[in-house]
Amino acid sequence: MTDPRNKYESVFAGWLGAKHAFSFWKGRVALYAILRAMGIGAGDEVILPGYTCVMDVNPIMYVGAKAIYVDIEPETFNIDVNLLESKITPQTRAIIAQHTYGYSADLGAILAIASRRGIEVIEDCCLSLGSRYKGKLTGTFAPAAYFSTQWNKTYTTGLGGMAICNTDELAAKVRHICNMEMKGVPLSNSALLAIQLVLYNVAVYPQTTTTVRKIFRWLSKKGAVIGSSSMEEKESTGMPEDFFMGLSRTQASFGLRQLCRLEENIKHRKKLTALYDRLLAERGWKVTRPPENTEPVLVRYPVRITNKWGSLEKARERGIELGAWFESPLHPKETRLELFGYRQGMCPVAEKAAQEVVNLPVHPRVSERTVRQTIEFITEYQQASW
Ligand SMILES: *Cc1c(COP(=O)(O)O)cnc(C)c1O
């Protein structure tokens, strides 16, 4: 009997047009495997945007390296390449090119700088599955990339991640580390996640009855539902015992089914993005114009407003689905920044964005009617300028 994980990995790599794919329990675990395979460790520095999830920083610290933060440019929320060179030191080993919300980072500039300085590039595609740069999919440019299929991503396997290696040499190293060190998913986790995935279809989306959502939340509080982050990960920098885990068979099978619907999913996201653009422009709001050589597929549609925290509370009251990514330069807002080497003022553009950006939904269950309602809601607020 073939293992669904092998099939899932090869279908994923095939769809992307990448050489090798390796599935993991989470996206952050995929990053960890890549860093290890690149031999990045104590004394090394890894550059990433100061507008990211703390989950991206954890693996850097787990291998013993230091995270160096670069500010973003305000239109696409990606690394400001003009600031990049000044952050490179003799200790720099890699740059993480995060494609924020689905907007492709300036890969041309990043790859050129990295190659000139002899450092690696890792694409963070956790929010950019399907996004293109110069006509080619993100995740196929750098020697390595990683994806997440956590609950809120383009498609989900509950939790899940994928590491992409675009060279045989790096792939052999990832494979070796997995063979030596990777743990299987304990049956208890795998079973719980399977139940969650079934519940997911009823429970996660806003149209669902409030009762189901209440049950889901109550279960989460009781710790019966597998959340994506533990307090440990936001408050300490040591690697949890059960961190380096693979994907379960159930998740892989679920992923394979999601991949079959991926083209449709992407088309839907593009259509709703265009609708948000149009409706906002009609109301006189400034709309993000992605660089011409990019074709974004958004996980969520970001807008800047002057009353972010008030609007999030009001949205909850009114049953409007509104996201808060990112709440902090190292999302979420509970992150103790100083533990991760981030000091207030390091990335002012990112800090401003964290106070202003809310996200409008574009996932497969959002209808055009919901888009219109969301626009009615959000345009009661004032747009923040950039
Ligand atoms: C979701 C996300 C991650 C982490 O993914 P997990 O699968 O939860 O580990 C990392 N980086 C970014 C930008 C993300 O959006």
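Things to note about the environment of E356
Moving on, step 1. Within the secondary structure, E356 is located in helix α13 (residues 348–356).
Moving on, step 2. Note: C-alpha distance between E356 and A384 (28 residues apart in sequence) is 6.9 Å.
Moving on, step 3. Among all residues touching E356, those that are not within four sequence positions of it are V303, R304, I305, K308, A384 and S385.

Let's talk about the sheet that holds strand β6 (residues 120–124)
Moving on, step 1. Across the sheet, 7 strands lie side by side as β1-β10-β9-β6-β5-β2-β4; this open sheet has mixed pairing. In this open sheet, the two strands that pair with only one neighbour each are β1 (20–24) and β4 (66–70). Geometrically, the sheet is characterised by an average inter-axis angle of 25° between neighbouring strands, direction not taken into account.
Moving on, step 2. In terms of strand pairing, strand β2 (residues 45–49) meets β4 through 5 bridges, oriented parallel. Looking across to β4, one finds that E45 is bridged to K66.
Moving on, step 3. Helix α2 (residues 27–37) rests against β1, β2, β5 (92–98), β6, β9 (144–148) and β10 (161–165) of the sheet, and its axis sits at about 165° to β9.

Looking at the pattern of salt bridges
Moving on, step 1. All chains considered together, the criterion is met by 16 salt bridges.
Moving on, step 2. K270 is the salt-bridge partner of E295, the closest N and O atoms lying 3.2 Å from each other. With a gap of 25 residues between them, E295 in strand β11 (residues 294–295) and K270 in helix α11 (residues 262–282) connect regions that are remote in the sequence.
Moving on, step 3. Classification of E295 by relative accessible area gives partly exposed; the value is 37%.
Moving on, step 4. Between E282 and R278 there is a salt bridge, and its shortest N-O distance comes to 3.0 Å. One end of the pair is E282 and the other is R278, both in helix α11 and 4 residues apart, which spans about a single turn.
Moving on, step 5. Note on R278: relative accessible area 43%, which makes it partly exposed.

Topic: the site of the ligand
Moving on, step 1. In the region of the ligand, 13 residues are neighbours, and G27, R28, D56, S148 and K153 sit closest.
Moving on, step 2. The separation between an oxygen atom of the ligand and a polar side-chain atom of R28 is 2.7 Å.
Moving on, step 3. S148 is positioned such that a nitrogen or oxygen atom in its side chain is 2.7 Å from an oxygen atom of the ligand.
Moving on, step 4. Out of a free accessible area of 390 Å², the ligand has 98% covered by protein chains.
Moving on, step 5. Taken together, the residues of the shell around the ligand break down into 3 nonpolar, 5 polar and 5 charged.

Observations regarding the packing of aromatic side chains
Moving on, step 1. This structure, assessed with the given rule, holds 16 aromatic pairs.
Moving on, step 2. With a centroid separation of 5.2 Å and an interplanar angle of 75°, the aromatic rings of F12 and F147 are classed as edge-to-face. With a gap of 135 residues between them, F12 in helix α1 (residues 4–16) and F147 in strand β9 connect regions that are remote in the sequence.
Moving on, step 3. Each ring, one from Y32 and one from F244, has its centre 5.3 Å from the other, and the planes form 65°; the classification is edge-to-face. Here F244 lies in the loop between α9 (231–235) and α10 (249–260) and Y32 lies in helix α2, a separation of 212 residues in the sequence. For the residue pair Y32 and F244, the accessibility class agrees, reading buried in each case.
Moving on, step 4. Following the ring pairs from residue to residue traces out a cluster consisting of F24, Y32, Y62, F243 and F244.
Moving on, step 5. Residue placement shows K286 over the ring face of W386; its charged tip is 4.2 Å from the ring centre.
Moving on, step 6. Sitting above the plane of the W325 ring, R300 keeps its charged end 3.5 Å from the centroid.

A word on α11
Moving on, step 1. A rise of 1.5 Å per residue sets the reference length of α11, with its 21 residues, at 30 Å; its end C-alpha atoms lie 30 Å apart and thus fit the reference within 8%.
Moving on, step 2. Every buried residue of α11 is listed here: L262, N265, I266, H268, R269, L272, T273, L275, Y276, L279 and L280.
Moving on, step 3. Summarising the contacts, the buried residues of α11 are in contact with α1, α10, β12 (300–304), β14 (357–361) and α14 (368–378).
Moving on, step 4. At the exit of α11 stands G284, carrying a positive phi of roughly 80°.

Thoughts on the sheet that holds strand β7 (residues 132–133)
Moving on, step 1. Spatially, β8-β7-β11 is the arrangement adopted by the 3 strands of the open sheet, whose pairing is antiparallel. In this open sheet, the two edge strands, each paired with only one partner strand, are β8 (136–137) and β11.
Moving on, step 2. In the sheet, β7 pairs with β8 via 2 bridges, with the strands oriented antiparallel. In the strand pairing of β8, R132 is matched with L137.

Let's talk about α14
Moving on, step 1. Along α14, the positions that sit buried rather than exposed are V371, T374, I375, F377 and I378. Along α14, the residues classed as buried sweep out an arc of 160° about the axis, all on the same side.
Moving on, step 2. Of the surrounding elements, those touching the buried residues of α14 are α11, β12, α12 (308–318) and β14.

A look at the environment of W309
Moving on, step 1. Inspection of the secondary structure assignment puts W309 in helix α12.
Moving on, step 2. Assessed through its relative accessible area of 31%, W309 is described here as partly exposed.
Moving on, step 3. For W309 and A65, which are 244 residues apart along the polypeptide, the C-alpha to C-alpha distance reads 34 Å.

Some thoughts on the pairing of β6
Moving on, step 1. Counted residue by residue, β6 has 4 buried out of 5 residues, so it is predominantly covered.
Moving on, step 2. Two strands pair when backbone bridges link them, and β5 and β6 are joined in this way by 5 bridges, in the parallel orientation. Residue pairing across strands places A94 opposite E120, the latter belonging to β6.
Moving on, step 3. Taken together, β5, helix α5 (residues 107–117) and β6 constitute a β-α-β crossover, and its handedness is right-handed.
Moving on, step 4. Here 3 bridges tie β6 to β9, and the two strands are oriented parallel to one another. Within β9, the position partnered with E123 by the bridge is A145.

What counts as what
- Residues numbered from 1 in each chain as written.
- Predicted model: local features only at pLDDT ≥ 70, side-chain atom pairs only at ≥ 80, totals over all residues.
- Heavy atoms only, no water.
- Helix = DSSP H or I, 4+ residues; strand = E, 2+ residues; numbered from the N terminus.
- Contact = heavy atoms within 4.5 Å.
- Pairing = 2+ DSSP bridges.
- Axes fitted to C-alpha atoms, helices over the stretch in contact; angles between N-to-C directions.
- Salt bridge = Lys/Arg side-chain N within 4 Å of Asp/Glu carboxyl O.
- Buried < 20%, exposed > 50% of the residue type's maximum accessible area, 1.4 Å probe, protein only.
- Near = heavy atom within 4 Å.
- Polar contact = N/O pair within 3.5 Å; in protein donor to acceptor, adjacent residues only side chain to side chain.
- Areas by Shrake-Rupley, 256 points an atom, 1.4 Å probe, with all protein chains shown as cover.
- Nonpolar A, V, L, I, M, F, W, Y, C, P; charged D, E, K, R; others polar.
- Phe/Tyr/Trp six-rings, centres within 6.5 Å; stacked < 30°, edge-to-face > 60°.
- Lys NZ or Arg CZ within 6 Å of the ring centre and 35° of its normal.
- Expected span 1.5 Å × (residues − 1).
- Arc of directions from axis to C-beta.
- Right-handed = clockwise from strand over helix to strand, strands pointing away.

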